[in-house]
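A look at the structure
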Amino acid sequence: MKLTLSSIRKKYKEKTVLQIPELELEEGYFWGIIGPNGSGKSTLLKIIAGLMEATEGNVLYHNHTLNEKTRRSMTLVFQKPYLLRTTVYNNIAYPLKIRGYSKRDIHMRVNAMLEDFGIEGLRDQKAWTLSGGEGQKVALARALVFKPKLLMLDEPTANIDPSSIILLEEKIREYYAMEKPTILMVTHNIQQTRRLCNRGAFMYEGEVLDSGDVSHLFGLEANPLVQSFIRQGLI
Ligand SMILES: Nc1ncnc2c1ncn2[C@@H]1O[C@H](COP(=O)(O)OP(=O)(O)OP(=O)(O)O)[C@@H](O)[C@H]1O
Ligand SMILES: [Mg+2]
């Protein structure tokens, strides 16, 4: 899904936390959104996901404003996984249920996800009893199960142990290779951006300082402040 942001500004009281005059996120790329704490990354994803209104400006999805069909083809996995107060199975089944899939189809797809993520053992466990890392796996499985065209991930592997990071990255990579969705992934892990993404945007104090090919963003042509942050390992 192609995204066009124009004249976006988000204010809390008098404080501007996001200011993006113009940004086009072309379809089919895997974007890494990086930048220090408080630079506006989560705010940006929430506005694109339609969960928060910008104070000014608009976001266009394939040249249209947000509608129900578009909303149903995208998802955001939050920085702190948000799960429904029910079992793991029902959590992963939920996006399929609201999209009208048959019971049999739901059963097949959810079981395949549980197996894929190595969490069959958590099938009937209540979501609120999961560990942080288990919760993140369930949240990602629930996001991928309905094959979104626009997948937004807010620090999907924060608080995850190294072997699970490998697993989650593998699942995200497979999904991207198979479905060619547009992915926006916020991460503080530069190496992860290099491993997974082909595009990148660097945010600082609510602004996109630089964006483009990963090779540009991490190269000597990038904005000097971006280079300095990356060189010093400050994000
Ligand atoms: N409800 C709110 N009221 C006031 N300020 C807010 C609110 N939500 C976010 N902010 C501020 O907006 C700024 C951007 O926050 P945001 O969560 O988008 O940052 P981030 O880049 O995702 O940071 P992190 O890397 O820490 O997750 C921060 O300064 C934050 O304090
Ligand atoms: Mg954040």
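A quick note: this is a predicted structure, and the numbers were derived from the prediction, not measured.

Turning to the overall build of the protein, a few remarks are in order. Scanning the protein from N- to C-terminus turns up 9 helices and 9 strands. The C-alpha atoms of the protein give 18 Å as radius of gyration, which agrees with the globular expectation for 235 residues (18 Å, within 12%). Counting only C-alpha atoms, the protein reaches 50 × 40 × 35 Å along its principal axes. When each of the 235 residues of the protein is scored for burial, the buried share is 37%.

One open sheet accounts for 3 strands, arranged β2-β1-β4; its pairing is antiparallel. Edge strands, defined here as strands with exactly one partner in the open sheet, are β2 (15-25) and β4 (56-61). Averaged over all neighbouring strand pairs, the angle between strand axes comes to 15°, with direction disregarded. Where strand β1 (residues 3-12) meets β2, 9 bridges bridge the pair, whose relative direction is antiparallel. From the neighbouring strand, Leu3 faces β2, where its bridge partner is Leu25.

The backbone of Asn63 shows a phi angle near 70°, a positive value even though the residue is not glycine. Along the chain, Asn63 turns up in the loop between β4 and α2 (68-72). Despite not being glycine, Lys180 shows a phi value in the positive range, around 45°. Relative to the helices and strands, Lys180 resides in the loop between α6 (162-179) and β7 (182-186). A tally of 13 C-beta atoms within 10 Å means that Lys180 is categorised as partly exposed.

Let's shift gears to the sheet that holds strand β3 (residues 30-34). In space, the 6 strands of this open sheet follow the order β5-β6-β7-β3-β8-β9, with mixed pairing throughout. Of all the strands in the sheet, the pair left with one neighbour each is β5 (74-77) and β9 (207-213). Averaged over all adjacent pairs, the angle separating strand axes in this sheet is 15°, with direction ignored.

Attention now goes to the site of ligand 1. With respect to spatial proximity, the complete set of residues near ligand 1 consists of Tyr12, Val17, Gly35, Asn37, Gly38, Ser39, Gly40, Lys41, Ser42, Thr43 and Gln79. Element by element, the count of residues in the shell around ligand 1 is highest for helix α1 (residues 41-48), at 3 residues. Its residues placed into classes, the shell around ligand 1 shows 2 nonpolar, 8 polar and 1 charged.

The subject of this paragraph is the environment of His64. Structurally, the position occupied by His64 is in the loop between β4 and α2. With 9 C-beta atoms counted inside 10 Å, the residue His64 sits in the exposed group. Along the sequence, His64 and Leu3 sit 61 residues apart, while their C-alpha atoms lie 9.4 Å from each other.

In this structure, strand β8 (residues 199-204) lies alongside β9, joined through 6 bridges in antiparallel fashion. Bridging across to β9, Tyr204 finds its partner in Glu207. Between β8 and β9, which follow one another and run antiparallel, lie 2 residues, and Glu205 among them has a positive phi close to 50°.

Where helix α3 (residues 88-98) meets helix α4 (residues 103-116), the closest approach of the two axes is 10 Å, and the angle between their N-to-C directions is 130°. Taken as axis vectors, α3 and α4 run oblique relative to one another. Of the two possible hands of crossing, α3 and α4 adopt the one that is right-handed. Contact residues: α3 offers Tyr89, Ile92, Ala93, Leu96 and Lys97, while α4 offers Ile106, Arg109, Val110 and Met113. Split into classes, the residues belonging to the contact of α3 with α4 amount to 7 nonpolar, no polar and 2 charged.

A word on α4. Its 14 residues give α4 an end-to-end C-alpha distance of 20 Å, which sits within 8% of 20 Å, the value for a rise of 1.5 Å per residue. If you check which residues of α4 are buried, you get Val110, Met113 and Leu114. On an axial view of α4, the arc spanned by its buried residues comes to 100°, and they lie on one face. Away from the buried face of α4 by more than 90 degrees, exposed residues Arg104, Asp105, Met108 and Glu115 are located. Taken together, the buried residues of α4 touch α3 and α5 (132-144). Just beyond α4, the residue with positive phi is Gly118, at close to 65°.

Calculation rules
- Residues numbered from 1 in each chain as written.
- Chains lettered and ligands numbered in written order.
- Predicted model: local features only at pLDDT ≥ 70, side-chain atom pairs only at ≥ 80, totals over all residues.
- Helix = DSSP H or I, 4+ residues; strand = E, 2+ residues; numbered from the N terminus.
- Rg over C-alpha atoms; globule rule 2.2 N^0.38 Å.
- Buried ≥ 20, exposed ≤ 12 C-beta atoms within 10 Å, placed from the backbone.
- Pairing = 2+ DSSP bridges.
- Axes fitted to C-alpha atoms, helices over the stretch in contact; angles between N-to-C directions.
- Near = placed C-beta within 6 Å.
- Nonpolar A, V, L, I, M, F, W, Y, C, P; charged D, E, K, R; others polar.
- Parallel < 35°, antiparallel > 145°, perpendicular 65-115°, else oblique.
- Left-handed = near helix turned anticlockwise from the far one by under 90°.
- Contact = placed C-beta atoms within 7 Å.
- Expected span 1.5 Å × (residues − 1).
- Arc of directions from axis to C-beta.

Keep in mind that these numbers describe shape and distance, not what the molecule does.
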